Amino acid sequence: MGHQYNKKAGSLKINKNRRCLLGALAGAVAMTLATPGAVMAATYPDRPIKMVVPFPAGGSTDTAARIMAKGLQDALSANVVVENRAGAGGTVGMAAALRSAPDGYTLGVGPVGATIIAKLIGMQVPYDPVKDIVPIANMGSLPLVFAVKSDLPVKSLGELVALAKSKPGALSYGTSGAGTPGHLAFEYFKKLAGLDIVHVPYKGDAPLTTDLQGGQLEIGILTGPAAVSQAKSDKLKYLAVTSGVRYPQLSEVPTVAESGYKDFAITIWNLLVAPAGTDATIIASLNGAMNKVLSMESTKETLQAQGYLPPVTMDTDAAAAFVANERKIWETIVSTTGVTIAN
């Protein structure tokens, strides 16, 4: 009897060891099959993060990016390096960021042009704006400003409309380029108001502002920071801002909506984005860090000094909803105006 008992006990011991071995093997297989993103997310970030800015250094987008990079560096305890890759309205830099590994170590700065507008107006972009971009947070929004030369005999947007209607095709307006948000925004306003005003595209705000001040054209569509920089000039008058709320830096200037065009609300903005496929835990970590940075008084003050509207924090779902809503707005604008790269 004792001999049989020992044999059974030995068998139980072998089975127990076998179960332990199988459990260990199962754990190893599970670790092997775990997604690379999940494994990396557990230690993120453990090396420097690159932020690709799709415009040259020194502009409003680059300035906001460097403010955020410094804040993220402190919030994440990791180096954040800005890399400028300009070209094709921001689509070159955006493409570079989206082609990178979806591991959270290469992020992009997505302006509204490269994120939404470029594809809508017929530009050939090497990425799908809907499927390939994961929005993390809005780094900052800017209004556009409707400006006129100082000797134009108008003091309000309503008076400008009346003047333009009395002289169809006689007035001209300038923007920082064809297909830019400023071009689309004013073409949309023209449709709403029933105006015939000639578009003159420039290569940036600087030459546009120079000609507007010099009287070579009557109207200019400026970015908020460009308008603020010339606020003390006696050669320009500001009639309206395109944002849904007044612009704190030019608080005396009414919005287009206040001027009689209900629901007109257009801003330009820069998103922090990641390539599709980036682990959700990493996206959430970056979103939380960005919200922390945007909530800091020092960040708010710095952004305001650079001409930005007060920052708005949002979770990842709200960021995705923001982009989806903005896409609807710009789809409406493009379909209403008919603006394409061909015109």
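See the structure above.
Residues numbered from 1 in each chain as written. Predicted model: local features only at pLDDT ≥ 70, side-chain atom pairs only at ≥ 80, totals over all residues. Heavy atoms only, no water.

### Examining the packing of aromatic side chains
Next, step 1: Throughout the structure, instances matching the rule amount to nine aromatic pairs.
Next, step 2: Considering the side-chain rings of Tyr173 and Phe186, the 4.5 Å spacing of their centres and the 45° angle between planes classify their relative orientation as tilted. Pair noted here: Tyr173 is in strand β5 (residues 172-175) and Phe186 is in helix α7 (residues 181-193), with a separation of 13 residues, a long-range link.
Next, step 3: Among the residues examined, Phe186 registers a relative accessible area of 0% and is labelled buried.
Next, step 4: Plain terms: the ring middles of Phe189 and Tyr261 are 4.9 Å apart, the flat faces sit at 70° to each other, and that makes the pair edge-to-face. Here Phe189, found in helix α7, pairs with Tyr261, found in the loop between β8 (236-241) and β9 (267-275); they are 72 residues apart in sequence, far enough to count as distant. Across the pair, Tyr261 and Phe189 agree in class, each one buried.
Next, step 5: Three or more aromatic residues joined by ring pairs form one cluster here, namely Phe146, Tyr173, Phe186, Tyr188, Phe189, Tyr261 and Phe264.
Next, step 6: Lying across the ring of Tyr105, Arg47 places its NZ or CZ 3.7 Å from the centre. (Phe/Tyr/Trp six-rings, centres within 6.5 Å; stacked < 30°, edge-to-face > 60°. Helix = DSSP H or I, 4+ residues; strand = E, 2+ residues; numbered from the N terminus. Buried < 20%, exposed > 50% of the residue type's maximum accessible area, 1.4 Å probe, protein only. Lys NZ or Arg CZ within 6 Å of the ring centre and 35° of its normal.)

### Considerations on unusual backbone geometry
Next, step 1: In this structure, the amide linkage connecting Tyr44 to the following residue, Pro45, adopts the cis form with an omega of -10°.
Next, step 2: Note that Pro45 resides in the loop between α2 (36-41) and β1 (49-53).
Next, step 3: Positive phi, close to 55°, is recorded for Ser77, a residue that is not glycine.
Next, step 4: When you line up the elements, Ser77 lands in the loop between α3 (60-76) and β2 (80-84).
Next, step 5: Given a relative accessible area of 67%, Ser77 falls into the exposed group.
Next, step 6: Of note, Asp263 is a non-glycine position whose phi angle comes to about 70°, a positive value.
Next, step 7: Positionally, Asp263 belongs in the loop between β8 and β9.
Next, step 8: Residue Asp263 is classed as exposed on the basis of its relative accessible area of 67%.

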